[in-house]
Amino acid sequence: MRRDHPIRRFCLAAIVSCLVVGVLALMGCGGSSSDTASTTQAATTAEASTNSGTTVRVASLKGPTSVGLVSFMEKAKAGQCANDYQFTISGTADEIVPKVISGDVDIALVPANVASVLSNKTDGDISIIDINTLGVLSVVTGDSSIKDFSDLAGHTVYMTGKGSTPEYVMEYLLDQAGIADQVTLEFKSEATEVSSALAADPSAIGVLPEPYTTAVTTKNSQLKSVISLTDVWDDVTGGSSQLVTGVTIVRNEFLTAHPDVVQDFITEQSASVDAVNADPAGSAQGVVDAGIVDSVEVAEKAIPNCQLVCITGAKMSKALGGYYNVLYSADPSSVGGSVPTENMYYLG
């Protein structure tokens with residue numbers, strides 16, 4: 001188990017300031033690009049019923065990383081959990097990061113690279129307890145000639161994430177496919193801009209995260225999700241790592257004080273992921289009620305493509321280790337300056 005490394009009080013303000021300024025440039029696609037660019041600070045909160053268990057404050061992002069919690073949140077709200085879980089869904093990572101550092105949040109679901117940045121900036125004060133979402137990026141187009149990743153050669157691809165993980169992932173995959181010098185990446189500030197470009201010209205090619213992929217293909221029958229970047233990653237790495245969107249972290253102070261509660265959270269989270277994956281139709285309304293998307297139809301169609309998982313232990317550390325190495329090679333600052341050591345992973 002990862003041991004506690006308390007943050008020095010006099011450094012707290014500086015750390016919070018640095019992370020809030022930089023986290024949006026560093027975060028991956030754990031939340032949608034539109035959410036990232038949003039200026040609203042409102043958060044959707046699902047309050048758990050009070051019981052005699054330990055109070056656990058959980059923060060997650062509006063997007064795929066919260067979809068897998070829907071069943072868990074409903075159970076907690078009904079007072080059916082052993083502990084008092086209080087969930088908050090926020091629009092951007094910069095709302096969550098300061099709360100983790102200050103101790104106002106105990107467990108958080110964040111983009112994978114943000115977890116590494118947090119660990120490096122706080123002298124190892126957090127641990128990763130699981131991977132909650134694998135890759136959610138897809139190539140979307142109405143061009144029927146685009147069937148394989150290599151078919152992108154000679155084309156312009158619209159996407160978001162300039163200077164952050166989506167760009168690094170795409171460039172890595174293009175390089176591995178040997179077509180990096182044959183593809184032009186044109187970056188937009190928001191996923192909605194990519195969606196608009198595709199709607200205006202269905203023959204254009206874009207890379208979108210869920211649930212935007214499902215939303216745009218539902219509205220326009222000419223557009224299709226033709227290539228999953230998760231599948232491409234698996235092909236080029238041969239299973240040595242996995243493309244990861246979101247991870248779940250815990251403050252080590254909380255982990256040291258309540259190891260059984262953290263294990264209970266993982267158990268409940270895993271069961272929730274299984275429930276949502278098994279019943280997209282039954283879970284869709286809960287996704288809408290939580291404010292994650294605004295359409296039951298889109299939610300139901302998007303759930304199977306959200307790559308919801310609860311990967312723990314050695315499998316988690318192996319998958320993340322390779323992923324972090326790719327990001328570090330592209331830009332060391334994307335993971336906070338260094339690849340996390342094994343001490344960052346909670347192995348139970």
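Placed above this text is the structure.
Residues numbered from 1 in each chain as written. Predicted model: local features only at pLDDT ≥ 70, side-chain atom pairs only at ≥ 80, totals over all residues. Heavy atoms only, no water.

Trainee: I keep staring at empty space enclosed by the protein and nothing clicks. Help me out?
Mentor: Which parts of space are left empty comes out when a probe the size of a water molecule is rolled across the atoms. As enumerated under the stated definition, the model contains 3 cavities of 30 Å³ or more in all. Listing elements by their share of the lining of the second largest cavity, those giving two or more residues are helix H3 (64-67) and helix H14 (296-302). Tallied by class, residues from the lining of the second largest cavity come to 9 nonpolar, 1 polar and no charged. (1 Å grid on protein atoms, 1.4 Å probe; cavity = no way out; pocket = protein on both sides within 12 Å on 5 of 7 lines; lining within 4 Å. Points joined across faces, edges and corners; volume = space filled by probe spheres on them. Helix = DSSP H or I, 4+ residues; strand = E, 2+ residues; numbered from the N terminus. Nonpolar A, V, L, I, M, F, W, Y, C, P; charged D, E, K, R; others polar.)

Trainee: Help me out: how do you make sense of unusual backbone geometry in this one?
Mentor: Apart from glycine, the bulk of residues carry a negative phi angle, and the bulk of peptide bonds sit in the trans form. Going from Glu 210 to Pro 211, the amide bond is cis rather than trans, its omega being 5 degrees. By the secondary structure assignment, Pro 211 is in the loop between strand E9 (205-209) and helix H9 (212-219). For Asp 123, which is not glycine, the phi dihedral falls at a positive 55 degrees. Along the chain, Asp 123 turns up in the loop between helix H6 (112-121) and strand E5 (126-134). Overall, Asp 123 belongs to the exposed group, its relative accessible area being 54%. Of note, the phi angle at Gln 307 is positive, near 55 degrees, even though the residue is not glycine. Tracing the chain through its elements places Gln 307 in the loop between H14 and strand E12 (308-311). Its relative accessible area of 26% is what places Gln 307 among the partly exposed residues. (Buried < 20%, exposed > 50% of the residue type's maximum accessible area, 1.4 Å probe, protein only.)

Trainee: Looking at this structure, I do not really get the packing of aromatic side chains. What am I missing?
Mentor: Aromatic ring pairs: the centre-centre distance and the angle between the two ring planes describe each pair. Considering all chains together, one arrives at 8 aromatic pairs under this definition. Ring plane angle 40 degrees and centroid distance 6.1 Å describe the contact between Tyr 323 and Tyr 324, whose orientation is recorded as tilted. Across the pair, Tyr 324 and Tyr 323 agree in class, each one buried. Put simply, the rings of Phe 72, Tyr 85, Phe 87 and Phe 265 touch in pairs and so form one group of aromatic residues. (Phe/Tyr/Trp six-rings, centres within 6.5 Å; stacked < 30°, edge-to-face > 60°.)

Trainee: Teacher, can you tell me more about helix H4 (residues 70-77) here?
Mentor: The α-helix winds at 3.6 residues per turn, so residues separated by three or four positions along the chain end up facing the same way. All of the buried residues along H4 are Val 70, Phe 72, Met 73 and Ala 76. Along the long axis of H4, the arc covered by the buried residues comes to 160 degrees, so they all point the same way. Just downstream of H4, Gly 79 is the residue with a positive phi angle, here 75 degrees. (Arc of directions from axis to C-beta.)

Trainee: Hey, could you run me through the pattern of salt bridges in this one?
Mentor: One side chain can pair with another of opposite charge once the charged atoms of both are near each other. Tallied over the full model, the rule gives 7 salt bridges. Two residues, Arg 57 and Asp 106, come together in a salt bridge whose shortest N-O distance is 2.8 Å. With Arg 57 in strand E2 (residues 55-61) and Asp 106 in the loop between helix H5 (93-102) and strand E4 (107-111), the pair connects residues that are 49 residues apart, well separated along the chain. In this structure, the salt-bridge partner of Lys 75 is Glu 268, at a minimum N-O distance of 3.1 Å. Taken together, the residues Lys 75 in helix H4 and Glu 268 in helix H12 (residues 259-278) connect sequence positions 193 residues apart. Overlapping salt bridges bring together Arg 57, Asp 106, Arg 251 and Glu 253 as one network. (Salt bridge = Lys/Arg side-chain N within 4 Å of Asp/Glu carboxyl O.)

Trainee: Got a minute to help me understand the side chain of Ser 138 in this structure?
Mentor: Positionally, Ser 138 belongs in strand E6 (residues 137-141). Those residues in contact with Ser 138, other than ones at most four positions away along the chain, are Gly 206, Val 207, Leu 208, Thr 213, Ser 225, Ile 227 and Ser 228. (Contact = heavy atoms within 4.5 Å.)

Trainee: Teacher, can you tell me more about the sheet that holds strand E7 (residues 156-159) here?
Mentor: Consider a sheet: its strands pair through backbone hydrogen bonds, and that pairing is either parallel or antiparallel. One open sheet accounts for 5 strands, arranged E8-E7-E9-E6-E10; its pairing is mixed. Of all strands in the sheet, those with a lone pairing partner are strand E8 (184-187) and strand E10 (224-228), marking the two edges. Strand-to-strand twist of the sheet, defined as the mean angle between neighbouring strand axes without regard to direction, takes the value 35 degrees. Here E6 runs beside E9; their pairing, made up of 5 bridges, is antiparallel. Residue pairing in the sheet places Ser 138 in a bridge with Leu 208 of E9. The strands touched by helix H8 (residues 191-200) are E6, E7 and E9; relative to E9, the strand with the most contacts, the crossing angle is about 145 degrees. (Pairing = 2+ DSSP bridges. Axes fitted to C-alpha atoms, helices over the stretch in contact; angles between N-to-C directions.)

Trainee: For this particular structure, what's the right way to read the environment of Gly 63?
Mentor: Checked against the element boundaries, Gly 63 lands in the loop between E2 and H3. When the C-alpha atoms of Gly 63 and Ile 292 are compared, they prove to be 5.7 Å apart, with 229 residues separating the residues in sequence.

Trainee: What is the right way to look at the packing of helix H7 (residues 165-177) against helix H15 (residues 313-330) in this model?
Mentor: To characterise two packed helices, one gives the angle between the axes of the helices and the distance between these axes. With their axes 10 Å apart at the nearest point, H7 and H15 run at an angle of 95 degrees to one another. Here H7 lies roughly perpendicular to H15, going by the angle between them. Each of Thr 165, Tyr 168, Val 169 and Tyr 172 in H7 lies in contact with H15, whose residues at this interface are Tyr 323, Val 326, Leu 327 and Ala 330. Split by residue class, the contact of H7 with H15 holds 7 nonpolar, 1 polar and no charged. (Parallel < 35°, antiparallel > 145°, perpendicular 65-115°, else oblique.)

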